[in-house]
Amino acid sequence: MINLFFRGRRLVTLATLAAVVAFGWYALQPVHPRCAIHTAVGSGSLVSPGSSAEDREAAARQAYEDALADGACGPSRARFRDWIG
């Protein structure tokens with residue numbers, strides 16, 4: 001009976017640790033300001049409709065880099081910075 005208690009407790013501890021690590025990883029991922037999204041979507045000539053996901057990602061990244069160089073956008077930052085203000 002005691003063995004089952006400790007086994008269950010270990011499972012809960014490991015699941016909690018995994019959840020904390022996953023949440024921390026998600027919170028530290030870089031995000032770009034909204035203006036980069038509008039820049040990438042606003043210029044429809046960036047990619048053709050049949051292009052691959054990698055091409056669309058590269059075009060969006062390039063649009064962000066251009067907006068950043070022009071001073072229209074700020075640099076990317078960790079996601080949790082948006083949560084704390």
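The structure this text deals with has already been given above.
This one's a predicted model, so the numbers in the text were calculated from it and none came from an experiment. (Residues numbered from 1 in each chain as written. Predicted model: local features only at pLDDT ≥ 70, side-chain atom pairs only at ≥ 80, totals over all residues. Heavy atoms only, no water.)

This next bit is on helix 3 (residues 53-70). The first and last C-alpha atoms of helix 3 sit 26 Å apart over 18 residues, in line with the 26 Å expected at 1.5 Å per residue. Looking only at helix 3, the buried set comprises Ala 59, Ala 63, Tyr 64 and Ala 67. Relative to the axis of helix 3, the buried residues are bounded by an arc of 135° and lie together on one face. Facing away from the buried side of helix 3 by more than 90 degrees, the exposed set consists of Glu 54 and Ala 69. Looking one or two places after helix 3, you find Gly 71, whose phi comes out positive at around 85°. (Helix = DSSP H or I, 4+ residues; strand = E, 2+ residues; numbered from the N terminus. Expected span 1.5 Å × (residues − 1). Buried < 20%, exposed > 50% of the residue type's maximum accessible area, 1.4 Å probe, protein only. Arc of directions from axis to C-beta.)

To continue, consider the packing of aromatic side chains. A complete count under the given rule lists 2 aromatic pairs for this structure. For the ring pair Phe 23 and Trp 83, a centre distance of 5.6 Å and an interplane angle of 20° mean the geometry is stacked. Residue Phe 23 is found in helix 1 (residues 2-28), and its partner Trp 83 is found in helix 4 (residues 80-84); the two are separated by 60 residues along the sequence. When the ring centre of Tyr 26 is taken as reference, the NZ or CZ atom of Arg 79 above it lies at 4.1 Å. (Phe/Tyr/Trp six-rings, centres within 6.5 Å; stacked < 30°, edge-to-face > 60°. Lys NZ or Arg CZ within 6 Å of the ring centre and 35° of its normal.)

This part is about the pattern of salt bridges. Scanning the model with the defined rule gives 2 salt bridges in all. With a closest N to O distance of 3.7 Å, Glu 57 and Arg 61 form a salt bridge. Taken together, the residues span about one helical turn, with Glu 57 and Arg 61 both in helix 3 at a distance of 4 residues. Arg 77 is the partner of Asp 82 in a salt bridge, and the nearest nitrogen-oxygen pair spans 2.6 Å. Residue Arg 77 is classed as partly exposed on the basis of its relative accessible area of 44%. (Salt bridge = Lys/Arg side-chain N within 4 Å of Asp/Glu carboxyl O.)

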